[in-house]
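Structural characterization, general
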Amino acid sequence: MADQQQALNGVDAPKVTRWFEENVPEAVGPLEFALIAGGHSNLTFGVTDAKGEKWVLRRPPLGHVLATAHDMSREHTIISALGPTPVPVAPAVALCTDPEVNGAPFYVMRFVDGHVLRDSATATAVLDTDGRRRAGESIADVLADIHAVDVDAVGLGELGRKEGYIARQLKRWYSQFQASNELTHRPVPSVHEVHERLAAQIPDQGPATIVHGDYRLDNCMVDETGEVIAVLDWEICTLGDPLADVGLLAVYWSDPGDEHALLAAPTTADGFLTRAQLLARYAERSGRDLSAIDFYVAFGYWKLACIVEGVYSRYAEGAMGKPAAGFEAFERQVVTLAERALEAAGRLR
């Protein structure tokens, strides 16, 4: 019964242990598995062997049937390709594409011992003022390193289409917003207005680079000095316009006293770079022109509004089971994000 329950929770312990014995020879059984992060995205498990050695296992969410949306081979390919580059990633160890082993493909990477700063309380507990400043510098530097990778040289040239990234993103997220909005039955006019403005003013993209797609402080791991030692969650990485990453990072990077800070933003703690300093650091390190950054900030807010509308609609329609307490906050957050997007779009020339 315990083995059956473990399989239901995402890891078939006996089968995965046998796979480790064959594919990770340094692992010594028995193995222990513990969920690190779960939900409706990919599941992440910590794996510890009898010697205390640690790995991390990533697999799709339970019950997911569209493998292309949670492609383990793709993620494994990305971090394997980035391993020899200056971009810090957890070292890839092995990939399992046989669903008979664990019900779905999965991959294993080395465990990286560091800190994820999800809120200001954690940031101040883990890092001193100098460390928080260094974290801001490092996250800008690492993003510049990501965008400097020669995708063809590392074997990622076919990761995605290199042209028309923003136009495709606008189409994709607007379609998803409209589908979700049909379920919530409420007007959010700012989303439509921002879409029209952005679609009419798409900047020239320039050469495509790796685009992480969800680059922010709590998708990175830092050490005791604030240095970024691993970039996490490459689930939606593709090729495209690098400034989309910069704009979204600016959206998440809240300044102290920012009344519209997203969630429990860790960067509101004393010592972090301001948003303006963060952007200046990236511009200096990358050599990129950020004169059109308001477009990408507007796009970042707008994209998040579309995503959160989808979350809200699933709760409102009961697709997530019994609604969690306070799910109505998603409704307000969509409006707030759309209004911030409209403010940024209003600064476009």
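So, a few notes on the structure that sits alongside this text. Since the structure is predicted, the reported quantities are computational estimates derived from the model, not experimental observations.

Basis of the calculations
Residues numbered from 1 in each chain as written. Predicted model: local features only at pLDDT ≥ 70, side-chain atom pairs only at ≥ 80, totals over all residues. Heavy atoms only, no water. Salt bridge = Lys/Arg side-chain N within 4 Å of Asp/Glu carboxyl O. Helix = DSSP H or I, 4+ residues; strand = E, 2+ residues; numbered from the N terminus. Buried < 20%, exposed > 50% of the residue type's maximum accessible area, 1.4 Å probe, protein only. Pairing = 2+ DSSP bridges. Axes fitted to C-alpha atoms, helices over the stretch in contact; angles between N-to-C directions. Contact = heavy atoms within 4.5 Å. Polar contact = N/O pair within 3.5 Å; in protein donor to acceptor, adjacent residues only side chain to side chain. 1 Å grid on protein atoms, 1.4 Å probe; cavity = no way out; pocket = protein on both sides within 12 Å on 5 of 7 lines; lining within 4 Å. Points joined across faces, edges and corners; volume = space filled by probe spheres on them. Nonpolar A, V, L, I, M, F, W, Y, C, P; charged D, E, K, R; others polar.

1. Quick notes on the pattern of salt bridges
Across all of its chains, the model carries 19 salt bridges by this definition. Salt-bridge contacts for Arg281 lead to Asp141; the nearest nitrogen and oxygen are separated by 2.8 Å. With a gap of 140 residues between them, Arg281 in helix H10 (residues 275-286) and Asp141 in helix H6 (residues 129-148) connect regions that are remote in the sequence. Judged by relative accessible area, which is 27%, Arg281 ranks as partly exposed. Salt bridges sharing partners connect three or more residues here, namely Arg133, Arg134, Glu137, Asp141, Asp145, Glu227, Arg281 and Arg285.

2. Structural notes on the sheet that holds strand E2 (residues 43-48)
With respect to topology, five strands assemble into an open sheet ordered E1-E2-E3-E5-E4, the strand pairing being antiparallel. Pairing within the sheet leaves two strands with one partner each, and these edge strands are strand E1 (32-37) and strand E4 (92-96). Pairs of neighbouring strands in the sheet enclose a mean axial angle of 25°, with direction left out of account. Here E2 runs beside strand E3 (residues 54-59); their pairing, made up of six bridges, is antiparallel. When the bridges of E3 are listed, Gly46 appears paired with Val56. Packed on one face of the sheet, helix H3 (residues 72-82) meets E3, E4 and strand E5 (106-110) and runs near 160° to E4.

3. Focus: unusual backbone geometry
Both trends apply: most residues other than glycine have a negative phi, and most peptide bonds are in trans. Each neighbour pair has its own omega, and for Gly29 with Pro30 the value is 0°, a cis peptide bond. Summarising the element assignment, Pro30 is placed in the loop between helix H2 (13-23) and E1. Located in the positive-phi region is Asp233, a residue other than glycine, with phi close to 55°. Inspection of the secondary structure assignment puts Asp233 in the loop between strand E8 (228-231) and strand E9 (238-240).

4. Quick notes on the environment of Asp233
The class of Asp233 is partly exposed, set by a relative accessible area of 32%. For the pair Asp233 and Tyr215, spaced 18 residues apart in sequence, the C-alpha separation works out to 8.7 Å. Polar contacts involving the side chain of Asp233 include one to the side chain of Arg58, which spans 3.4 Å.

5. Re empty space enclosed by the protein
For the structure shown, the criterion picks out one cavity of 30 Å³ or more. Roughly 50 Å³ of volume is contained in the largest cavity. Every residue lining the largest cavity is listed: Tyr165, Val211, Gly213, Ala244, Asp245, Leu248, Phe299, Gly300 and Lys303. Among the secondary structure elements, those contributing two or more residues to the lining of the largest cavity are helix H9 (243-252) and helix H11 (293-316). Broken down by class, the residue content of the lining of the largest cavity amounts to five nonpolar, two polar and two charged.

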